[in-house]
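Below, each chain spelled out in residue letters.
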Amino acid sequence: MSDHPHEHSHPHPHPHPHRHGIRHRLTHLLTPHSHDTADKVDSALESSARGMRALWVSLAVLGATALAQAVVVAVSGSVALLGDTVHNAADALTAVPLGIAFVLGRRAATRRFTYGYGRAEDLAGIVIVLTIAASAAFAGWTAVDRLLDPRPVTHVPAVAVAALVGFVGNEWVARYRIRVGREIGSAALVADGLHARTDGFTSLAVLLGAGGSAVGWHAADPVVGLAITVAIALVLRDAAREVVRRVMDAVDPALVDRAERALREVPGVRGVGELRLRWIGHRLRAEVAVVVDGEATVRQAHAIAVAAEHTLLHAVPRLTAALVHADPAPVPGEPDPHRALAHHATA
């Protein structure tokens, strides 16, 4: 049987896809339900639109925060606050590559880019990681320079207030980006949110440095600057790991387990063969082989494949397309129907 991809979308939520109680069945019947290509595009556009809103709102908040801190840096000379300000500004500017990625992700697939442009988000994630690395290097360099050439910090109360402003702004942006990123499945947006959260904690570190300067410990400011550098390096590690996993097509093994369990419950499916999931931007695609009765007609096997695909779309969050291949159940003594392909298998 030939494979037939069927792309679908679900404008209604399925918070518990593994439950098939009366409430779930009634909701399924009463809620508008469509698998048309137009609905798939609408859902994808809505996800991108939510990502864009998260980016521009957080850009405005972080931009205002960085601007307020920059004014205090100019009058106080605090390198700890300078490092925090640069990091906040860099975090705000990461909205640019992500925004470009979301806009590209809206474009329809072409004969050259047959899967669409969703992978632009992965490229944006790489840019974000490089931006975090650059801000860590700058913060570390300014802190070391101040240790070698100590200078007093002035306007300590203003530095403390700026640090608090930085913490509040970053924590709000972090919560917003992480929540939206997880809801739409964007690893790059989640990484950006983690970046902002670390900025918030580094702002609190600036507050500690201001306290040290207030009691006469002049090394407090550059020491806190170095601590900020270490904190940025830690978030760099976590963000890089998440982005690299996405680039390497890694998925949560729990999603694979959920998909396999759902497929085994489909009437007519005797077994589940190779199952692959991959992220394309903030959407998932699946490829799977299911075992069906070898005596089934082409139409019967196709109906089972469609039912399997439909089940997957409900069972796996953010899955928008699945390619289901039906294999006949093996018969003792019958040669492997895939034997002709064996010499094409990779080592």
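In this text, all values refer to a predicted model and were calculated from it rather than measured experimentally. (Residues numbered from 1 in each chain as written. Predicted model: local features only at pLDDT ≥ 70, side-chain atom pairs only at ≥ 80, totals over all residues. Heavy atoms only, no water.)

(A) Spatial organisation of the nonpolar core. Counting 39 residues, the largest nonpolar core has Leu81, Leu98, Ile132, Leu189 and Val206 as its most contacted members. Secondary structure elements with two or more residues in this core: α2 (37–76), α3 (79–93), α4 (95–105), α5 (120–148), α6 (156–184), α7 (187–214) and α8 (220–247). The greatest single-element share of this core, amounting to eight residues, is contributed by α6. Core analysis: the next-biggest nonpolar cluster, separate from the first, contains 28 residues, Leu255, Ala262, Leu275 and Leu312 among them. (Core = buried A, V, L, I, M, F, W, Y, C linked by side-chain atoms within 4.5 Å. Buried < 20%, exposed > 50% of the residue type's maximum accessible area, 1.4 Å probe, protein only. Helix = DSSP H or I, 4+ residues; strand = E, 2+ residues; numbered from the N terminus.)

(B) Broad picture of α6. Between its terminal C-alpha atoms α6 stretches 42 Å, which fits the 42 Å expected from 29 residues at 1.5 Å a residue. The positive-phi residue at the C-terminal boundary of α6 is glycine 185, with phi of around 75°. (Expected span 1.5 Å × (residues − 1).)

(C) Looking closely at the packing of aromatic side chains. One pass over the structure, following the stated rule, counts two aromatic pairs. Here phenylalanine 113 and tyrosine 117 contribute two aromatic rings whose centre-to-centre distance is 4.8 Å and whose plane-to-plane angle is 35°, an arrangement assigned as tilted. Taking the relative accessible area as the measure of exposure, phenylalanine 113 reaches 39% and is therefore partly exposed. The interplanar angle of 40° and the centroid separation of 5.3 Å between the aromatic rings of tryptophan 172 and tyrosine 176 together place this pair among those described as tilted. (Phe/Tyr/Trp six-rings, centres within 6.5 Å; stacked < 30°, edge-to-face > 60°.)

(D) Quick look at empty space enclosed by the protein. Per the stated rule, a full pass over the model turns up two cavities of 30 Å³ or more. In this structure, the second largest cavity spans a volume of roughly 30 Å³. Together, Glu121, Asp122, Gly125, Ala187, Ala188, Val243 and Arg246 line the second largest cavity. Looking at the lining of the second largest cavity, the elements with two or more residues in it are α5, α7 and α8. Among the elements that make up the lining of the second largest cavity, the one with the highest residue count is α5 (three residues). (1 Å grid on protein atoms, 1.4 Å probe; cavity = no way out; pocket = protein on both sides within 12 Å on 5 of 7 lines; lining within 4 Å. Points joined across faces, edges and corners; volume = space filled by probe spheres on them.)

(E) Quick look at the pairing of strand β2 (residues 271–280). Note that β2 and strand β3 (residues 283–292) share eight bridges and pair antiparallel. Pairing of isoleucine 280 across the sheet is with arginine 283, part of β3. Between β2 and β3, which pair antiparallel in sequence order, lie two residues; one of them, glycine 281, sits at a positive phi of approximately 70°. (Pairing = 2+ DSSP bridges.)

(F) Layout of a nonpolar patch on the surface. Judged by side-chain polarity, Val144, Leu147, Leu148, Val215, Trp217, Val223 and Leu226 come together as a nonpolar surface patch covering roughly 670 Å² of accessible area. Every element with two or more residues in the nonpolar patch is listed here: α5 and α8. Take the nonpolar patch: its biggest share by element is three residues, from α5. Within the secondary structure layout, valine 223 lies in helix α8. Valine 223 sits in the partly exposed class, given a relative accessible area of 35%. (Patch = residues over 30% accessible without salt bridge, like charges linked within 9 Å, V, L, I, M, F, W, Y side chains within 5 Å. Areas by Shrake-Rupley, 256 points an atom, 1.4 Å probe, with all protein chains shown as cover. Salt bridge = Lys/Arg side-chain N within 4 Å of Asp/Glu carboxyl O.)

As far as function goes, none of this settles anything; it's purely spatial.
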